[in-house]
Amino acid sequence: MLHAHTVEQVRAAEADLLARLPEGALMQRAAAGLAYAVLDFLGTAYGRRVLLLVGSGDNGGDALYAGALLARRGVQVEAWLLSDAARAAGVDALRAAGGTVLASPPIGQRPHAPASEFRGLVPNRATFDVVVDGIVGIGGRPGLRPEATKALEMLAGIPVVAVDTPSGVDVDTGETDGPHVVADLTVTFGTHKTCHLVDPAARACGAVHLVDIGLDLPDAPVEALQAADVAALLPRPAADAHKYTRGVVGVRAGSATYPGAAVLSVSGAACGLAGMVRYDGDPAALDQVRAAHPEVVGPGRVQAWVVGSGSDAGAEDAVRRSVADDVPLLIDADALAFADLARGRATVLTPHAGELARLLDVERAQVEARMLEHARLAARRYDAVVLLKGRHTVVARPDGQVRVTTTGTPWLATAGAGDVLGGLVGALLAAGLDPFDAASAGSWLHGAAATLAAQDGPIVASDVAAALPVVLGSLVGT
Ligand SMILES: NC(=O)C1=CN([C@@H]2O[C@H](COP(=O)(O)OP(=O)(O)OC[C@H]3O[C@@H](n4cnc5c(N)ncnc54)[C@H](OP(=O)(O)O)[C@@H]3O)[C@@H](O)[C@H]2O)[C@@H](O)CC1
Ligand SMILES: [K+]
């Protein structure tokens, strides 16, 4: 499991460790990890040139000490101090190792002048191989000061390695309300933070590399399943299993007008994780479902219902009948308008940002900008697990616990992919997983299947379903 802790949790763990270590030891650990990651990024020290952007706090201190280590390895290191309060001991260490400090352009005196006026003041700007963002870390407020914004504009186009967090993002929420660094690589310390997982901030991190500095941390409020976690959650048939003991998943999606939604939902449900799939919908759609999946049977008792898209005017009735059965329930697409009927049941809601905006009566842009807040709000309000779809899908439990999905590919943004996901999560519910595990594991599997399918090029939703057995096969054997 990958864990993302809050700044408050990190601070408490850091205080514990600082009390037990010699002064400066923790920062040296962080700086060494950072220096190795930058070296790895550069490929070689020889002939490389690195610019450190250094703020007033320990984040800048990390950058300076890492810069000193890089300079000792033969990298040409220059530091641009964005604050007069930059850590003096770090500056001394950098200089002692052969690094230099730039005469900083006087941006602070003319914060509104265009970046182009200062450009000539940074010598041979274009020959920097990497900019190290040590402007601000977990002690920062969101946004950047004009000095930093302008520096970044002047250095646009040069790869950026962020220290701990891309400066300017909101560390605990993943929001990006003001200007911020967009990194190619973020090197973080001790544990991940929310901004490394939750969009839009996660997009600004690039690849994320974690350096272990020995922090002893409590449970994290935000986490991300890894392959081994999903493998451990997958239901496996008992030796004496029969199809009913493995769970039966029922699908109420699609209609005579939209048979495709029925076929795709069933293709997710028929991933093999439940013992049987029932389709309860329009007979014309059932014919198409059976043509694609001969093993699917008609209405009857189930252990979980999937009420999905394309059910025409039948969505409300489908939700009502499913709720009456008193089994776990997944509600997607047009049926989400009737999510209220399932309040208090073991329910998974699977909206995209637009659908969640309608559920909460807010603007779609608000949901996209504050995914964590809105997924948690909906989970609490509907007393349900809410799976908010996105590049990094956010799965929230009513008590606020969150799992973020980091598998997937941009190719997954394709019609019908949500139907496959609904069916898949429904199968996991029927097999007995609790709604939070079913939603987060299903989302992980869906993303992994899409990535696998997209190896050969663009994909459609049925390719995702077709790739599921390969992904599952690689996990059940582990
Ligand atoms: N915790 C750990 O386990 C370890 C932590 N370590 C490292 O320490 C880092 C945290 O260091 P930190 O606490 O000194 O805070 P940090 O983020 O450098 O700067 C805060 C200062 O910046 C300023 N400022 C605020 N907002 C700003 C803005 N938007 N734009 C510009 N400036 C802004 C403000 O000062 P001001 O200028 O207002 O006086 C504020 O005081 C952490 O991220 C990690 O890198 C590792 O070394 C070891 C293990
Ligand atoms: K930073």
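Residues numbered from 1 in each chain as written. Chains lettered and ligands numbered in written order. Predicted model: local features only at pLDDT ≥ 70, side-chain atom pairs only at ≥ 80, totals over all residues. Heavy atoms only, no water.

Novice: So what exactly am I meant to see when it comes to the coordination of the potassium ion (ligand 2) here?
Specialist: Six octahedral donors around a metal ideally subtend angles of 90 or 180 degrees, whereas four tetrahedral donors ideally subtend 109.5 degrees. With distances of 2.6 to 3.2 Å, the protein atoms coordinating the potassium ion (ligand 2) are Asn-59 (OD1), Asp-133 (O), Asp-133 (OD), Val-136 (O), Val-163 (O), Thr-165 (O) and Ser-167 (OG). Donor residues for the potassium ion (ligand 2), ordered by position in the chain, follow N-x73-D-x2-V-x26-V-x1-T-x1-S. Of the two residues, Val-136 is situated in the loop between β5 (130–134) and α5 (146–154) and Ser-167 in the loop between β6 (160–163) and β7 (185–189); the sequence distance between them amounts to 31 residues. By relative accessible area, which is 0% here, Ser-167 ends up buried. (Donors = N, O, S within 2.8 Å, 3.2 Å for Na, K, Ca; no water. Helix = DSSP H or I, 4+ residues; strand = E, 2+ residues; numbered from the N terminus. Buried < 20%, exposed > 50% of the residue type's maximum accessible area, 1.4 Å probe, protein only.)

Novice: Can you walk me through the nonpolar core in this structure?
Specialist: Across soluble globular proteins, you tend to see nonpolar side chains buried next to one another. Counting 59 residues, the largest nonpolar core has Tyr-279 and Leu-445 as its most contacted members. Sort the elements by how many residues they give to this core and helix α15 (residues 435–453) lands first, with 10 residues. Leu-445 has contacts with Val-230, Leu-234, Leu-273, Leu-424, Leu-428, Leu-468, Val-471, Leu-472 and Leu-475, leaving out every residue within four places of it along the chain. One finds Leu-34, Ala-37, Ala-93 and Ile-138 within the second-largest nonpolar core, a separate group that totals 49 residues. (Core = buried A, V, L, I, M, F, W, Y, C linked by side-chain atoms within 4.5 Å. Contact = heavy atoms within 4.5 Å.)

Novice: Please explain the sheet that holds strand β8 (residues 192–193) as it appears in this structure.
Specialist: Strand pairs in the sheet, formed through backbone hydrogen bonds, run parallel or antiparallel to each other. Overall, mixed pairing links the 11 strands, which are arranged β8-β1-β10-β18-β17-β16-β15-β14-β13-β11-β12 in an open sheet. Edge positions in the sheet fall to β8 and β12 (276–279), since each of these pairs with one other strand and no more. As defined by bridge partners, strand β14 (residues 329–331) adjoins strand β15 (residues 347–349) across 3 bridges and the pair is classed as parallel. Bridge pairing in β15 places Leu-330 opposite Val-348. Contacts from helix α14 (residues 417–430) reach β11 (248–252), β13 (304–307), β14, β15 and β16 (385–388), with the element oriented near 165° to β13. (Pairing = 2+ DSSP bridges. Axes fitted to C-alpha atoms, helices over the stretch in contact; angles between N-to-C directions.)

Novice: Can you walk me through the pairing of β5 in this structure?
Specialist: In summary, the side chains of a regular strand alternate between the two faces of the sheet. When you tally the buried positions in β5, you get 5 out of 5 residues, the bulk of the element. Of the two faces of β5, both are covered, the one formed by Val-130, Val-132 and Gly-134 as well as the one formed by Val-131 and Asp-133. Where strand β2 (residues 49–54) and β5 come together, 5 bridges link them in parallel fashion. Bridging across to β5, Leu-52 finds its partner in Val-132. Pairing of β5 with β6 involves 3 bridges; the strand directions are parallel.

Novice: Would you take a moment to explain the packing of α14 against α15 for this structure?
Specialist: Axes are the key here: two packed helices are described by the angle between their axes and the distance separating the axes. Following both chains from N to C, one finds α14 and α15 inclined at 135°, their axes separated by 8 Å at the closest point. The orientation of α14 relative to α15 falls into the category oblique. In the crossing of α14 with α15, the sense of the turn from one axis to the other is right-handed. Together, Ala-417, Val-420, Leu-421, Leu-424, Val-425, Leu-428 and Leu-429 of α14 and Pro-435, Ala-438, Ala-439, Ala-441, Gly-442, Ser-443, Leu-445 and His-446 of α15 make up the contact between the two elements. The class makeup of the residues in the contact of α14 with α15 is 12 nonpolar, 3 polar and no charged. (Parallel < 35°, antiparallel > 145°, perpendicular 65-115°, else oblique. Left-handed = near helix turned anticlockwise from the far one by under 90°. Nonpolar A, V, L, I, M, F, W, Y, C, P; charged D, E, K, R; others polar.)

Novice: Would you explain unusual backbone geometry in this entry?
Specialist: Both trends apply: most residues other than glycine have a negative phi, and most peptide bonds are in trans. Backbone torsion omega between Asp-199 and Pro-200 reads 5°, so that peptide bond is classified as cis. In this structure, Pro-200 sits in the loop between β8 and α6 (201–205). The backbone of Asp-361 sits at a positive phi, close to 60°, despite the residue not being glycine. For Asp-361, the position within the fold is in the loop between α11 (353–360) and α12 (364–369). Positive phi values are uncommon outside glycine, yet Asp-383 reaches one of about 50°. Tracing the backbone shows Asp-383 in the loop between α13 (371–382) and β16. For Asp-383, a relative accessible area of 39% puts it in the partly exposed group.

Novice: Mind showing me how you'd approach the sheet that holds strand β4 (residues 100–101) here?
Specialist: With parallel pairing, 7 strands are arranged side by side in an open sheet as β4-β3-β2-β5-β6-β7-β9. Because the sheet does not close on itself, it has two edges, and the strands there are β4 and β9 (207–211).

Novice: Sorry, what's going on with the UniProt feature "domain: YjeF C-terminal" (unreviewed entry) in the protein chain here?
Specialist: In the UniProt entry, the feature "domain: YjeF C-terminal" (unreviewed entry) is given for residues 226–475. Within the segment residues 226–475, helix and strand shares are 45% and 12% respectively, and the terminal C-alpha atoms sit 11 Å apart. (UniProt positions renumbered as here; feature names shortened; annotations may be inferred.)

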